[in-house]
Each structure stands twice: as C-alpha cells, then as structure tokens.
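# Observations on the three-dimensional arrangement
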Amino acid sequence: MTDIQVRRAKPDDADALVRLRGLMLEAMGNDVGGPDAPWRAIARDWFAGQLASPETFAAYVVDDPGVGVVAGAAGNVYVHPPGPKDLTTLRGHLYNVSTEPDFRRRGLARACVVALMDWFRDETAVGQVELHATDDGIDLYRALGFIDANYPTMRFTVG
C-alpha cells in the first residue's frame, strides 16, 4: 500500500470496526476473548446502530485489496454544557483508533484520524474533541495538535 485511500465506514463495516476495537483493547492489555466473546456481538450491534446516525457518528477506514479493512478511527458527537473557554454545547470523542499489526507504521491510523478530525470540523458543531491516548498513540495525537488535559480521567463502574 503506497497511496492511502481513506473512506467513510458503511453499515457493513460494523464487523471490521469490532475486530479493530478488539486489537486496540488487546494492545491496551485487556483480555478480549475469542471471536465468539459476548462483547463482540453487542459491539457489532452498537456500531451498526451508530453507523446509521451519520450526523453524530463517523468512522473512517483504510482497506487493503487482499485483506479488507486494516485500519480505522471512530468518533461521535455528544451534548456538553458550555464553559468560559468553550461556548459550544457539543463535544467530540475520538476513539477506536487501530491498525492491523502487519500494516502498522505506514500512516494509516493517522490518515483515518485526520479524516475524522475533518468531519468534526466541517460537518459538526463541536468545540473540542477529546480522547484517551495510549502510550503508542500519544505522539500521533500531539503531532495533530491535541494537548494534555489539566485533569486526569477517573472512572467508576456501576454495578
């Protein structure tokens, strides 16, 4: 692959987005289970539903002619209250950035993220885009203009 062709994901790409999500989660140290792990069917339905909402969700992918989808990035728009530094009421969330191992270090994930950022800028009204970066991805995001947040992300699991 020398010429990177990025395209917007279609509803029939839901399985590929789940596969890429599994690669990303595994690279983050998670046990994702096998191809029949219960989370995969739920994620497939979720991605299919999101892909049917093009005003608030987009995913961009790169295909290899012999393999199919080999890289992607996804994002959505969500409602957020305004503040003194951001008067907008919408924010973007960038996630699911992943590339098949045999296709890494070729700029594919970067191309998908850039396409997604263009979508946020040109087709939505978000004021900011947020993400959670891994050690492997942080340099890419910084090179694209992302800055470190002042406050750490914390999480509480309900149930």
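The model shown is predicted, which means the values in this text are computed figures rather than measured ones. (Residues numbered from 1 in each chain as written. Predicted model: local features only at pLDDT ≥ 70, side-chain atom pairs only at ≥ 80, totals over all residues. Heavy atoms only, no water.)

Within the protein chain one finds four helices and five strands. Counting from the amino terminus, helix and strand elements in the protein chain follow one another as β-α-α-β-β-β-α-β-α. Taken against the 2.2 N^0.38 rule, which gives 15 Å for 159 residues, the C-alpha radius of gyration of the protein chain at 16 Å falls within 12% of a compact globule. If one aligns the C-alpha atoms of the protein chain with their principal axes, the spans along those axes are about 50 × 45 × 30 Å. Every one of the 159 residues in the protein chain was classed for burial, and the buried ones make up 38%. (Helix = DSSP H or I, 4+ residues; strand = E, 2+ residues; numbered from the N terminus. Rg over C-alpha atoms; globule rule 2.2 N^0.38 Å. Buried < 20%, exposed > 50% of the residue type's maximum accessible area, 1.4 Å probe, protein only.)

It is worth spelling out the pattern of salt bridges at this point. Overall, the coordinates contain 10 salt bridges when judged by the stated rule. Note that Glu-130 and Arg-91 form a salt bridge whose closest N and O atoms lie 3.0 Å from each other. Taken together, the residues Glu-130 in strand E5 (residues 128-130) and Arg-91 in strand E4 (residues 90-99) connect sequence positions 39 residues apart. In this structure Arg-91 comes out as buried when scored by relative accessible area, which is 12%. Between Asp-122 and Arg-121 there is a salt bridge, with its nearest N and O atoms 3.0 Å apart. Judged by relative accessible area, which is 52%, Asp-122 ranks as exposed. Salt bridges sharing partners connect three or more residues here, namely Arg-7, Asp-13 and Asp-63. (Salt bridge = Lys/Arg side-chain N within 4 Å of Asp/Glu carboxyl O.)

Relative orientation of the contacting elements helix H1 (residues 14-27) and helix H2 (residues 38-51) amounts to 125 degrees, with a least axis distance of 8 Å. The orientation of H1 with respect to H2, classified from their angle, is oblique. Where H1 crosses over H2, the handedness of that crossing is right-handed. Counted together, Ala-14, Asp-15, Leu-17, Val-18, Arg-19, Arg-21, Gly-22 and Leu-25 of H1 and Trp-39, Arg-40, Ala-43, Arg-44, Phe-47, Ala-48 and Leu-51 of H2 form the full contact between these two elements. Of the residues contributing to the contact of H1 with H2, the split by class is nine nonpolar, one polar and five charged. (Axes fitted to C-alpha atoms, helices over the stretch in contact; angles between N-to-C directions. Parallel < 35°, antiparallel > 145°, perpendicular 65-115°, else oblique. Left-handed = near helix turned anticlockwise from the far one by under 90°. Contact = heavy atoms within 4.5 Å. Nonpolar A, V, L, I, M, F, W, Y, C, P; charged D, E, K, R; others polar.)

This part takes up H2. For an α-helix, the turn length of 3.6 residues means that residues three or four places apart are oriented alike. When the terminal C-alpha atoms of H2 are compared, their 20 Å separation across 14 residues agrees well with the 20 Å that a helix rising 1.5 Å per residue should span. Residues of H2 that are buried include every one of Arg-40, Ala-43, Phe-47, Gln-50 and Leu-51, and no others. Projected onto a plane normal to the axis of H2, the buried residues spread over an arc of 90 degrees and lie on a single side. Facing away from the buried side of H2 by more than 90 degrees, the exposed set consists of Pro-38, Ile-42 and Asp-45. Against the buried residues of H2 lie H1, strand E2 (57-64) and E4. (Expected span 1.5 Å × (residues − 1). Arc of directions from axis to C-beta.)

Take unusual backbone geometry next. Phi at Asn-96 is positive, roughly 60 degrees, even though this residue is not glycine. Positionally, Asn-96 belongs in strand E4. For Asn-96, a relative accessible area of 1% puts it in the buried group. Positive phi, normally seen in glycine, also occurs at Arg-105, with a value near 65 degrees. You can see Arg-105 is positioned in the loop between E4 and helix H3 (108-123). Using a relative accessible area of 83% as the deciding quantity, one classes Arg-105 as exposed.

As far as function goes, none of this settles anything; it's purely spatial.
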